[in-house]
Amino acid sequence: MRACPHAALLVLLGSLTALLLAASIAVGYAPLDIAQAARDWLHGDMSLPALVLSELRIPRAVLGLTVGFTLGLTGAAMQGFLRNPLADPGVIGVSAMAALGSVIVFYSGLAGAFLLALPLGGITGAAVAVILLYALAGRGGSTTTLVLAGVAISAFAGALTSLALNLSPSPYAAMEIMFWLMGSLAERSMLHLELAVPLMFLGWCLVLSTAKDLDALVLGEDTASSLGVHIPGLRLRLVAGTALSVGSAVAVAGAVGFVGLIVPHLLRPLTGHRPGRLLLASGLGGASLTMAADIAIRLLATRPELKLGVVTALIGAPFLFGLIYRLRREGP
Amino acid sequence: MTIEAENIVARLNGKTVLDGVSLTLSPGEMVGLIGPNGAGKTTLLRLMAGIAMPQRGKVRYDGRDISQLDFRTRALARAYLAQSDDVQIPLKVERLVALGRAPYTGVFGRETRADVRAIERAMSEADVSHLRSRAFNTLSGGERRRVLLARALCVEAPLLLADEPVAALDPAHQLAVMGLLAASRDRGAGVLVILHDLTLAARFCDRLALMDRGKLVAVGRPAEVLNDDRLRATYGIEVLHGMQGGVPWLLPWALANSRNGGAENNG
């Protein structure tokens, strides 16, 4: 495939994202007259359709958009930064720690005490992951050290999450944790959005600001540094941006895997293999894939509802097998 | 622009890799950095490029301490050509060379006409224009080296620091690349280049700096630096040599017994 004009690609992906956002709002379990609901909502008339629109449909669709954008964007950024095609937010341990933070909130019963405890737990977990990363691999540490630190943090978070499940006082609490870990966009409120989206946005800005530096990094850290890239600063922006956006995304939507792996791979040939150009494209692609998967879940309407993380894993795992197989064949 | 390295001490994992090294590179001169593997050549080159900082000593660009210069000023002052070429992705050659313009382009990396001209010129000089649409990772070792050289030339910096630019090149391309570096020098650039081929070093460099075990053993004109005793003491080799048009040539011929404990000698 050859690189198509970049602006055209972005317009195409932007349109697809907008279309899927509209479709995601339109699709639901109960029939809804969207026009009527919107009119009521805008006039401040909290009728049942207006409530369904503002409290169910819009939060779910916007969350699909923002969580997907986060996963696609950070996946592309991590793959560019670590120069490893298998990297994704999970690699640096942020997803796992965010999940652990949320699980601790579940486990301690804080989740029932106040609504915002869960998102706050996820963000705290992500922040701890970043601090640990910096203690282990920050300030002059090599990229390999960063990856190893990420693997260690993921293992640690995984072990503590299992411990929480193991010691769970009631089977119901364990089940609640299990379901949440599977990742879903169902039954999230405007409040979830208000807490998570500004932090995700801040993270996006940090990550997007690294585009030009990621291009230069193709040549290796020494040469990029000789071209004016401040490597420790680049690392800080990427890790902080990823922690903020992925931490808040995991906190509200649970662990939705593979989006950050699949999307950058599909779009890379269309951006001429330039890591900087891949960022925004991959964010839009991630938003589209996540919303499409969430629409499919609602159209299938199984009972109980399929979890988003399960669907993305079912698509993503075979993709990962294929990818490793291809890398093995291309390798030495 | 002049680079001065003054009394540099560098340690790596507790081992002293540079011990009190001082070297100056002036505009319009090509200095060859030679010495056996592990002598500290790459470390010195990286420190003089400002990519790493020494534990002791100073590196100055036109009299200003390099740690006082911001990253963009450093990037515009010198081009650096690394030894390794571990670019794994199928980036197009033209786009890879264009990365050399990074210090000039803004946040969004938009290229001006001057950038495009510099990219074309660098590709043509390094004889890679015909490869422009090829993916970098499909090129041969020699082609890769030339593309990376084009990337460094494209910076159009007054200083060029190159780590083994002719390794993996066939003899014709070795001569061509050395000719390119010499042409940069003739245009007024200061060129510091790590070389293992002593004849190329003698033939093209104005001065040679011979390093061994973290120290600078000798600095001077090639004919002064490359004498038999020094080559035996540093590289542990015996060489055949002669003169061609006033330029010395050397051919490593046998291992010197004194350093290598009676290695074979068919000289």
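Predicted model, so just to flag it, every value in this text is computed and none were measured.

Considering the overall build of chain B
(1) Moving on: Across its full length, chain B carries 10 helices and 12 strands.
(2) Moving on: Over its C-alpha atoms chain B spans a radius of gyration of 19 Å, differing by no more than 12% from the 18 Å that the globule rule assigns to 267 residues.
(3) Moving on: Seen through its principal axes, chain B has C-alpha atoms that stretch 60 × 40 × 35 Å.
(4) Moving on: For chain B, the proportion of its 267 residues judged to be buried stands at 50%.

Some remarks on the interface of chain B and chain A
Interface size is commonly expressed as the accessible surface area that is lost when the partners come together.
(1) Moving on: Of the residues lining the interface, 25 residues belong to chain B; the matching set on chain A comes to 17 residues.
(2) Moving on: Summing both sides of the interface, chain B and chain A together bury roughly 1,900 Å²; the carbon and sulfur share of this comes to 62%.
(3) Moving on: Between the two partners, chain B and chain A, sit 1 salt bridge.
(4) Moving on: Joining chain B to chain A, the criterion identifies 5 residue pairs in polar contact (both at pLDDT 80 or more).

Observations concerning the pairing of strand S4 (residues 56-61) of chain B
All names here are of chain B.
(1) Moving on: One ladder, built from 5 bridges, connects strand S1 (residues 3-12) with S4; its direction is antiparallel. Its bridge partner lying in S4, Glu4 is registered against Arg60.
(2) Moving on: Pairing of S4 with strand S5 (residues 64-65) involves 2 bridges; the strand directions are antiparallel. Residue pairing in the sheet places Arg60 in a bridge with Asp65 of S5.
(3) Moving on: The antiparallel pairing of S4 with S5 creates a hairpin that spans 2 residues between the two strands, and Asp62 there sits at a positive phi of about 50°.

Comments concerning the domain arrangement of chain B
All names here are of chain B.
(1) Moving on: When its domains are assigned, chain B resolves into domain 1 (3-89 + 139-226) and domain 2 (236-267).
(2) Moving on: Between the C-alpha centres of domain 1 and domain 2 the distance comes to 25 Å.
(3) Moving on: The partner domain 2 presents 6 residues to the 8 residues of domain 1 that form the contact.
(4) Moving on: Here domain 1 and domain 2 share an interface that buries about 580 Å² over both sides, 69% of which is from carbon and sulfur atoms.
(5) Moving on: For domain 1, the biggest contributors to the area lost against domain 2 are Leu198, Thr199 and Ala202; these three give 54% of the whole.
(6) Moving on: Here domain 1 is connected to domain 2 by 0 salt bridges.
(7) Moving on: The interface formed by domain 1 and domain 2 contains 1 residue pair in polar contact (both at pLDDT 80 or more).
(8) Moving on: If you tally residues by element for the side of domain 1 that touches domain 2, the top one is helix H7 (residues 198-204), at 4 residues.
(9) Moving on: Class assignment for the residues of the side of domain 1 that touches domain 2 results in 4 nonpolar, 1 polar and 3 charged.

What about the pairing of strand S8 (residues 190-194) of chain B?
A regular strand carries its side chains on alternate faces of the sheet.
Residues and elements named next belong to chain B.
(1) Moving on: Taking burial as the measure, the 5 residues of S8 include 5 buried ones, the bulk of the element.
(2) Moving on: By the alternation rule, side chains of S8 split into Gly190, Leu192 and Ile194 and Val191 and Val193, which are all buried.
(3) Moving on: By the bridge criterion, 4 bridges tie strand S3 (residues 30-34) to S8 in an arrangement that is parallel. Looking across to S8, one finds that Gly32 is bridged to Val193.
(4) Moving on: Examined bridge by bridge, strand S7 (residues 159-163) and S8 share 5 bridges and lie parallel to one another. Among the inter-strand pairings, Leu160 is bridged to a residue of S8, identified as Val191.

Some points on the environment of Leu192(B)
(1) Moving on: Inspection of the secondary structure assignment puts Leu192(B) in strand S8.
(2) Moving on: In this view, Leu192(B) contacts Leu23(B), Leu25(B), Val31(B), Leu45(B), Met48(B), Leu160(B), Leu161(B) and Ala162(B); residues no more than four positions away in its chain are not counted.

Details of the sheet that holds S1(B)
Each strand in a sheet pairs with its neighbour through backbone hydrogen bonds, running either in the same direction (parallel) or in the opposite one (antiparallel).
All names here are of chain B.
(1) Moving on: Strand order in the open sheet formed by 4 strands is S2-S1-S4-S5, and the pairing between neighbours is antiparallel. Among the strands making up the open sheet, the edge pair consists of strand S2 (15-25) and S5.
(2) Moving on: Bridge count between S1 and S2: 8 bridges; the pairing is antiparallel. Across the sheet, Ala5 pairs through a bridge with Leu23, a residue of S2.
(3) Moving on: Along the sheet, helix H1 (residues 41-48) makes contact with S1, S2 and S4, crossing S2 at roughly 55°.

Quick notes on the confidence of the model for chain B
All names here are of chain B.
(1) Moving on: Across chain B, the average pLDDT comes to 91, with 96% of residues at or above 70.
(2) Moving on: Under a pLDDT of 50 for its full length, residues 259-267 has, in the predicted model, 16 contacts with residues more than four places off or in other chains.
(3) Moving on: Under the prediction, the complex receives an ipTM of 0.89, its pTM being 0.88.

Describing the side chain of Thr234(B)
(1) Moving on: Residue position: Thr234(B) is located in helix H9 (residues 228-234).
(2) Moving on: A distance of 2.7 Å separates a polar atom in the side chain of Thr234(B) from the backbone oxygen of Arg230(B).

Description of helix H14 (residues 275-300) of chain A
Residues and elements named next belong to chain A.
(1) Moving on: Its 26 residues place the ends of H14 36 Å apart at the C-alpha level, agreeing with the 38 Å of an ideal helix rising 1.5 Å per residue.
(2) Moving on: Ala281 marks where H14 bends most, by close to 30°.
(3) Moving on: Counting buried positions over the 26 residues of H14 gives 19, a clear majority of the element.
(4) Moving on: The first or second residue beyond H14 is Ala301, which carries a positive phi of 50°.

Some words on helix H5 (residues 141-153) of chain B
(1) Moving on: With 13 residues, H5(B) ought to run about 18 Å at 1.5 Å a step, and its terminal C-alpha atoms sit 19 Å apart, in line with that.
(2) Moving on: Within H5(B) the residues assigned to the buried category are Gly142(B), Glu143(B), Arg144(B), Arg145(B), Arg146(B), Val147(B), Leu148(B), Leu149(B), Ala150(B), Arg151(B), Ala152(B) and Leu153(B).
(3) Moving on: Elements in contact with the buried residues of H5(B): helix H11 (221-226) of chain A together with strand S6 (78-81), helix H3 (93-98), helix H4 (113-125), S7 and helix H6 (171-186) of chain B.

So, how was this worked out
Residues numbered from 1 in each chain as written. Chains lettered and ligands numbered in written order. Predicted model: local features only at pLDDT ≥ 70, side-chain atom pairs only at ≥ 80, totals over all residues. Heavy atoms only, no water. Helix = DSSP H or I, 4+ residues; strand = E, 2+ residues; numbered from the N terminus. Rg over C-alpha atoms; globule rule 2.2 N^0.38 Å. Buried < 20%, exposed > 50% of the residue type's maximum accessible area, 1.4 Å probe, protein only. Contact = heavy atoms within 4.5 Å. Buried area = accessible area lost by both parts, 1.4 Å probe. Salt bridge = Lys/Arg side-chain N within 4 Å of Asp/Glu carboxyl O. Polar contact = N/O pair within 3.5 Å; in protein donor to acceptor, adjacent residues only side chain to side chain. Pairing = 2+ DSSP bridges. Domains from an automatic or database assignment. Nonpolar A, V, L, I, M, F, W, Y, C, P; charged D, E, K, R; others polar. Axes fitted to C-alpha atoms, helices over the stretch in contact; angles between N-to-C directions. pLDDT = per-residue confidence, 0-100. Expected span 1.5 Å × (residues − 1). Bend = angle between axes of the 7 residues up to and from the residue.

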